[in-house]
Amino acid sequence: MEGFAPEDLVVGETNRAAIELISRWPAWNSPVIVLAGPVGSGKSHLASIWKHRTGAAEFDACGVGEPVLPPSGAALVEDLGAGALDETGLFHLINQVRALSGSLLLTSRNFPGAWGVELDDLASRLKSATTVEIAEPDDALLAGVITKLFADRQLEVAPHVVQFLVHRIDRSLAAAIRIVEQIDKLSLEKKSRISRALAADVLAELER
């Protein structure tokens, strides 16, 4: 299973800015931060680390309701823009965070301008938020993630097998997690070491 502890992060050029931002809390230059990036880019991993560190209260984007914040004034809302958005609730949450000199972390696949916000006051608040983009992982980061995912399962895999996978799977952390799980499963079923041929078999099966 994917680790959600700080030591489980693999740092690369595509996620370095986001990781440094999370590490700098509470010395943020804005009370509202948006982490934007594609599915599987590591947003939830970073959000989980930040929530554990700050004791943040987590709210549902489609039903923020009447938020109650912890003494730290920290709050987390994930996956904004993916469905219905409680605009009034989010507006009040931002106001509460600001009143407490707290911090609000929002994650989304898109920048706030693509959320379709209709409440002018909320749109204004979001324009003043700091947005940090996490791009799709590059080859180096993807290779590091795949290697670590295998290591988490106590599996040692040759670098040429890792590179074989890097150039054939979707460029996302979610795809890396899925392929490692399936390769581990087939390796156990066949009682075989993890080779390029076994990896190719798993890729072919997933394509079917």
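Above this text you will find the structure in question.
Report follows, based on the coordinates. Computed from a predicted model, the values in this text were never measured in an experiment.

1. Remarks on the pairing of strand β1 (residues 32-36)
No. 1: Within β1, five of the five residues are buried, leaving the element largely enclosed by the surrounding structure.
No. 2: A two-sided burial pattern is seen for β1, the buried positions comprising V32, V34 and A36 on one face and I33 and L35 on the other.
No. 3: Here five bridges tie β1 to strand β4 (residues 103-108), and the two strands are oriented parallel to one another. Opposite V34, over in β4, you have L106 as the bridge partner.
No. 4: For β1 and strand β5 (residues 130-133), the ladder comprises four bridges, and the chain directions are parallel. Bridge pairing in β5 places A36 opposite E133.

2. Observations concerning the packing of helix α5 (residues 139-152) against helix α7 (residues 173-190)
No. 1: As a packed pair, α5 and α7 sit with axes 10 Å apart at the nearest point and diverge in direction by 35 degrees. Between α5 and α7 the crossing geometry is right-handed. Of α7, the residues touching α5 (which contributes L142, V145, I146, L149 and F150) are L173, A176, I177, V180 and I183.
No. 2: Each residue belonging to the contact of α5 with α7 can be placed in one class, and the counts come to ten nonpolar, no polar and no charged.

Criteria and cut-off values
Residues numbered from 1 in each chain as written. Predicted model: local features only at pLDDT ≥ 70, side-chain atom pairs only at ≥ 80, totals over all residues. Heavy atoms only, no water. Buried < 20%, exposed > 50% of the residue type's maximum accessible area, 1.4 Å probe, protein only. Helix = DSSP H or I, 4+ residues; strand = E, 2+ residues; numbered from the N terminus. Pairing = 2+ DSSP bridges. Axes fitted to C-alpha atoms, helices over the stretch in contact; angles between N-to-C directions. Left-handed = near helix turned anticlockwise from the far one by under 90°. Contact = heavy atoms within 4.5 Å. Nonpolar A, V, L, I, M, F, W, Y, C, P; charged D, E, K, R; others polar.

The analysis is restricted to geometry; functional conclusions fall outside its scope.
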